[in-house]
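Now for the letters of each chain:
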Amino acid sequence: MRVAVCQLNSREDRAHNLAAARDLLERAAAGGAKLAILPEYVDFLGHSADAPRPEPVDGEFAAFFAKAAGELGLWVHAGSFHEKGPDAGRTFNTSLLFTPDGTLAATYRKIHLYDVEIAGRISYQESRTVAPGTDPVVADVDGVPLGLTICYDLRFPELYRALAIAGARILVVPAAFMLHTGRDHWEVLLRARAIENQCFVLAAGQIGDHEPRRTCFGRSMIIDPWGTVLAQAPDTVGVTFADLDLDRLETIRTELPSLANRRMETFPLR
């Protein structure tokens, strides 16, 4: 399966962001990809006061990417967007997956929210404006189970293990990973999730400066179940490709059956 991760620098101009995303999807399709992944908050990264009005799952955002998927004949993972939430003060951070005919195949709401205080560097409380999702999601992409996650989820291995146990062969991570953590943790965590769950990992990141005073790390990656980085994006907007050898995944799981050998769920805490 040929796949593509699309790296963007989304800012406060939503129309420009969507046009840039469409261009990268066109490049992904032209390069032979069957599945393309976009980053977290693909349509807007900026001051919360200027954010677009939250939409339902069948709103304008969904219509835009459904049309792109259908016109390009491409599986499109549309990063994430601000979905209308459970109350007036909070949205969901939501991923949508579309089939090559433009049908909505899966919806995932980010479970783990980025509430962080780093003295002198950053104060960010995602939970003030975003409600957490509750349900892990595995979707079928032409017979290949795809596990959906978003950005900060990456630090919670129990979610990825649940997706692997549910059958995932590919794990998707759209992200806006910040520079100061990304340079030390991004690759290490992505490779760990691939190795421990014996899955391919597709990670599409935002790159560069964004308002308010935020810099994203980029370095979008495609990693195999052995933890080998098959492809890594340079530090610019663009599309990065790799061919996934799904037979190799099954060989790795057969020769090193760590998923089959797991026992911890048989040991209740006392």
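Residues numbered from 1 in each chain as written. Predicted model: local features only at pLDDT ≥ 70, side-chain atom pairs only at ≥ 80, totals over all residues. Heavy atoms only, no water.

The protein goes by Carbon-nitrogen hydrolase in an unreviewed UniProt entry, where it is assigned to Actinoplanes lobatus.

Helix and strand counts for the protein stand at six helices and 17 strands. By the compact-globule yardstick of 18 Å for 270 residues, the protein fits well, its C-alpha radius of gyration being 18 Å. Taking the principal axes of the C-alpha coordinates as reference, the protein spans close to 50 × 50 × 35 Å. Residue burial in the protein is summarised as follows: out of 270 residues, 53% are buried. For the protein, the share of sequence-separated contacts (at least 6 apart) that also reach a separation of at least 24 residues comes to 68%. (Helix = DSSP H or I, 4+ residues; strand = E, 2+ residues; numbered from the N terminus. Rg over C-alpha atoms; globule rule 2.2 N^0.38 Å. Buried < 20%, exposed > 50% of the residue type's maximum accessible area, 1.4 Å probe, protein only. Contact = heavy atoms within 4.5 Å.)

Our focus in this paragraph is the environment of Ser-220. With respect to the helices and strands, the residue Ser-220 is situated in the loop between strand 14 (214-217) and strand 15 (221-223). What makes Ser-220 buried here is its relative accessible area of 0%. Considered as a pair, Ser-220 and Val-237 are 17 residues apart in the sequence and their alpha carbons are 10 Å apart. Setting aside chain neighbours within four positions, we find Ser-220 in contact with Val-5, Gln-7, Trp-186, Ala-203, Ala-204, Gly-205, Ala-231, Gln-232 and Ala-233.

With their axes 10 Å apart at the nearest point, helix 3 (residues 157-165) and helix 4 (residues 179-197) run at an angle of 40° to one another. Between helix 3 and helix 4, the crossing angle belongs to the class labelled oblique. Pair helix 3 / helix 4 crosses with right-handed handedness. Across from Pro-157, Tyr-160, Arg-161 and Ala-164 in helix 3, the residues of helix 4 making contact are Arg-193, Glu-196 and Asn-197. Residue classes in the contact of helix 3 with helix 4 are distributed as three nonpolar, one polar and three charged. (Axes fitted to C-alpha atoms, helices over the stretch in contact; angles between N-to-C directions. Parallel < 35°, antiparallel > 145°, perpendicular 65-115°, else oblique. Left-handed = near helix turned anticlockwise from the far one by under 90°. Nonpolar A, V, L, I, M, F, W, Y, C, P; charged D, E, K, R; others polar.)

We now examine unusual backbone geometry. Its identity as a non-glycine residue notwithstanding, Asp-142 has a phi of 50°, on the positive side. Looking at the element boundaries, Asp-142 is found in the loop between strand 9 (137-141) and strand 10 (144-148). The phi torsion at Cys-151 lies on the positive side, around 40°, for a residue other than glycine. The residue Cys-151 is located in the loop between strand 10 and helix 3 in this model.

Bringing empty space enclosed by the protein into the picture now. Scanning the entire structure with this criterion turns up one cavity of 30 Å³ or more. The space that makes up the largest cavity amounts to roughly 140 Å³. Lining the largest cavity are 14 residues, and of these Tyr-114, Cys-151, Tyr-152, Ala-176 and Arg-214 lie nearest its centre. Among the residues making up the lining of the largest cavity, the classes are represented as eight nonpolar, one polar and five charged. (1 Å grid on protein atoms, 1.4 Å probe; cavity = no way out; pocket = protein on both sides within 12 Å on 5 of 7 lines; lining within 4 Å. Points joined across faces, edges and corners; volume = space filled by probe spheres on them.)

As a further point, take a negative patch on the surface. Together, Glu-12, Asp-50, Asp-209 and Glu-211 give the surface a local cluster of negative charge. Summarising the element assignment, Glu-211 is placed in the loop between strand 13 (207-210) and strand 14. (Patch = residues over 30% accessible without salt bridge, like charges linked within 9 Å, V, L, I, M, F, W, Y side chains within 5 Å. Areas by Shrake-Rupley, 256 points an atom, 1.4 Å probe, with all protein chains shown as cover. Salt bridge = Lys/Arg side-chain N within 4 Å of Asp/Glu carboxyl O. Lys, Arg positive; Asp, Glu negative; His and termini not counted. Charge placed at Lys NZ, Arg CZ, Asp CG, Glu CD.)

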